[in-house]
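# Survey of secondary and tertiary structure
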Amino acid sequence: MSVTEIARELDRNKHSMGRYLDILHALGDVEMRAYGMAKVYSLSCRVPLSAFISTIGEAFFVLDDDRRIMQANAIFFDLIGLKKEEVIGRYLSYLEVPGPDMQEMLAVIAARLGEVDQTFDVALGEAEGRRDFTVRAIPTLFDDGGGGHAVVVVDVTEKMRAFRAVEVSERKYRELVEHANSIILKMDTEGNIVFFNEFAERFFGYRKEEVLGKNVIGTIVPPTEISGRDLRDLIRKICTGAERYSSNENANITRDGRTVWIRWTNRSIEDRDGNLVGVLSVGNDITDRREMEQELASKAHDLERRNRELGCLFATSDLIGMDRPLSEVVQGVADLVPGAMRRPDRAAARITLRGEVCSTAGFDGSGSGISSPIVVGGVQEGSVGVAYPGHAPSGVDTPFDDDEIKLIQTIADRLGWMVGWMDAERALVAERDFASAVLDTVGAAVVVLDPEGRILRLNRAGEEMSGHLAAQAVGKMFWDLFVFPEEAERVKEVFSASFEGGDHGRVGIRSGRSWHAGDGTARYIDWSHMVLRTPDGAVAYMIVTGIDVTREKTAAENLRRCQVLLDRLLEAPGSKGLEG
């Protein structure tokens with residue numbers, strides 16, 4: 001019904017009825033709809049206030065203009081710790097609330113009440129005992145036209161605790177992210193930087209404003225590594241969120257152009273619908289470790305090379321020390337050389353020595369090569385050559401380094417030494433055979449003694465003189481075979497004097513042993529001796545030479561006896577007559 005229709009039915013003034021309907025509308029007793037300039041009213045279907053209050057899930061109470069509590073629900077009574085009869089009709093400021101916290105909250109509510117709808121927060125207590133409330137005070141009208149306030153008190157303690165915990169967590173997270181000693185950045189699915197922490201700024205030398213929105217390629221990631229790996233493809237795959245790229249190591253670049261190595265841990269970032277929206281990457285600088293690994297790898301490579309070089313030299317020494325034909329030794333050494341080179345799979349070797357030419361498969365004289373001469377006694381007798389047939393190994397400035405050149409020179413020197421040693425050995429054997437022939441053909445006995453007087457060697461004349469074979473005489477003392485027992489001490493003294501001083505001596509020794517004659521007569525031997533010393537003056541050997549002078553000695557004695565007999569005859573009586 002319109003205002004006019006209601007006024008006509010009730011026989012009231014239209015203007016007074018309009019004001020009254022406005023009051024009823026404010027109280028919620030009627031509903032009003034506007035149709036152009038006309039207002040149409042109908043009865044409202046409202047719930048009784050007491051029933052409405054009891055259904056509210058939060059503390060609720062109604063005040064009149066004098067701040068007396070007109071109505072309240074059970075939750076409010078429990079909150080302030082009073083019964084209904086202790087609250088209804090009492091002034092808000094004079095409630096005998098047992099808890100000081102609740103008294104404080106009611107005082108705050110009383111102070112904040114006004115003519116407009118307002119919402120405010122009240123915090124009670126500290127630390128763990130703190131309670132938080134959100135209060136809404138709504139101005140209202142009663143049926144009698146009087147004013148008042150409807151107040152809703154919501155306990156948000158748990159919500160605020162959770163909020164504060166989230167706040168603390170976010171602050172700690174932000175501090176952790178911003179101050180962590182790790183690079184933390186976020187990329188979108190195109191590889192554009194959307195987050196850059198403080199450590200990343202310090203590490204790469206960029207301010208975040210300089211890189212946010214820019215792609216990682218060209219800023220902190222080079223397009224390719226020195227090894228040739230395509231990092232653009234790597235970043236593209238990381239941004240797909242694939243699990244296999246959850247961690248990776250790659251080269252990065254700083255603002256000043258330095259190359260650094262970073263180990264990255266990558267995690268996908270998804271929205272609420274599970275769609276990939278970016279990647280969170282946490283990086284740690286492993287430049288020092290990477291350089292150490294590269295250094296260790298280089299040292300391991302060098303050690304492996306040294307091991308192959310030493311193996312080649314040892315095997316070469318073994319071959320040289322074997323009693324094999326020269327051709328076998330040279331071919332064996334040639335087979336060993338390529339394995340000691342930097343590129344053993346491509347190297348080939350050839351050795352020429354005194355007419356022998358030995359090479360490994362693939363040596364055709366083409367490509368890059370080195371050679372070292374084999375010199376024997378100042379004369380070049382051959383050479384050791386190594387080559388990389390066709391082309392030099394890729395990735396190196398020179399085909400052969402100093403170590404390879406030194407190795408080839410060493411092998412050439414050893415082969416030269418081997419040939420020289422073989423020549424010397426042959427010369428020594430020839431000289432020894434010549435000396436043996438001379439000793440065996442000389443008519444004098446020749447005995448070689450050690451510093452103790454033991455026989456080390458005895459020639460054929462000595463065998464005949466002693467009646468012993470050389471094999472039987474070696475190891476026996478000289479005076480046991482060639483000297484009478486009564487002469488042994490004198491001979492020892494002569495030898496001892498020679499050891500201590502002079503290197504030459506001569507002594508006549510009567511030998512009482514004529515084994516070859518069989519007549520038991522004494523023989524006279526004229527012995528000469530010479531001491532051979534080492535460079536430091538020590539006695540090495542004594543050479544004793546003996547000549548049988550028995551015939552001369554016997555003739556001299558016979559002559560002496562004849563002279564004596566002649567002298568006696570000349571002195572005998574009647575000798576003058578003979579003279580006359």
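Above this text you will find the structure in question.
Our subject in this report is the structure included herewith. These numbers were taken from a predicted model, which means no experiment stands behind them. Each chain carries its own residue numbering, running from 1 in the direction its sequence is written. Local features in this predicted model are restricted to residues of pLDDT 70 or higher, and side-chain atom pairs are both shown and tallied only at a pLDDT of 80 or more, whereas totals for entire chains, interfaces and linings draw on every residue. Processing note: side-chain calculations cover all non-hydrogen atoms of the structure and skip hydrogens and water entirely.

## Description of the sheet that holds strand 9 (residues 193–196)
Rules: Pairing between two strands is assigned when DSSP locates at least 2 bridges connecting them. Secondary structure follows DSSP: runs of H or I at least 4 residues long count as helices, runs of E at least 2 residues long count as strands, and numbering of each begins at the N terminus. With axes taken as lines fitted to C-alpha atoms, and helix axes fitted only over the stretch in contact, angles between N-to-C directions fall between 0 and 180 degrees. Only heavy atoms enter the contact rule, under which two residues are in contact if any of them lie within 4.5 Å.
The sheet built from five strands is open, its strands ordered 9-8-12-11-10 with antiparallel pairing. Two strands in the sheet have a free side with no partner beyond their single neighbour: strand 9 and strand 10 (247–253). Along the sheet, successive strands turn relative to each other by an average axial angle of 30 degrees, direction set aside. Note that strand 10 and strand 11 (residues 259–270) share seven bridges and pair antiparallel. Considered in strand 11, the bridge of Asn250 is made with Ile262. Each of strand 8 (183–187), strand 10, strand 11 and strand 12 (276–285) is contacted by helix 9 (residues 231–238), which is oriented at about 135 degrees to strand 10, the strand it contacts most.

## Description of the environment of Val438
This is how it is decided: Each residue is assigned to one of three classes by its accessible area relative to the maximum for its type, calculated with a 1.4 Å probe on protein chains only: buried under 20%, partly exposed between the two thresholds, exposed over 50%.
Considering the arrangement of structural elements, one finds Val438 in helix 12 (residues 402–441). Overall, Val438 belongs to the partly exposed group, its relative accessible area being 39%. Sequence-wise, Val438 and Asn459 are 21 residues apart; in three dimensions their C-alpha atoms are separated by 9.5 Å.

## Comments concerning a nonpolar patch on the surface
Note the threshold: Patch membership needs two things, relative accessible area over 30% and no salt bridge, and members are linked within 9 Å if like-charged or within 5 Å if nonpolar (Val, Leu, Ile, Met, Phe, Trp, Tyr). Computed with a 1.4 Å probe, the accessible areas rest on the Shrake-Rupley method; for each residue, only the protein chains presented here act as cover. One speaks of a salt bridge when a side-chain nitrogen belonging to Lys or Arg is within 4 Å of a carboxyl oxygen belonging to Asp or Glu.
Taken together, the side chains of Leu456, Met530, Leu532 and Tyr541 present a nonpolar region at the surface, about 320 Å² in accessible area. Checked against the element boundaries, Leu456 lands in strand 18 (residues 455–458). Given a relative accessible area of 38%, Leu456 falls into the partly exposed group.

## As for helix 12
Counted only if it meets this: In this analysis, the expected span of each helix is defined as 1.5 Å times one less than the number of residues it contains. Whenever a nitrogen or oxygen atom comes within 3.5 Å of another N or O atom, the pair is scored as a polar contact, on the condition that within protein one atom can donate a hydrogen and the other can accept it, and that pairs from neighbouring residues in sequence are kept only if both atoms are in side chains.
The end-to-end C-alpha distance of helix 12, which contains 40 residues, comes to 58 Å, matching closely the 58 Å that a straight helix rising 1.5 Å per residue would cover. Turning to helix 12, its buried residues number three or more, namely Glu404, Leu407, Ile408, Ile411, Ala412, Leu415, Gly416, Met418, Val419 and Ser436. Capping the start of helix 12 is the job of one residue whose side-chain oxygen sits 3.3 Å from the backbone nitrogen of Asp403: Asp401.

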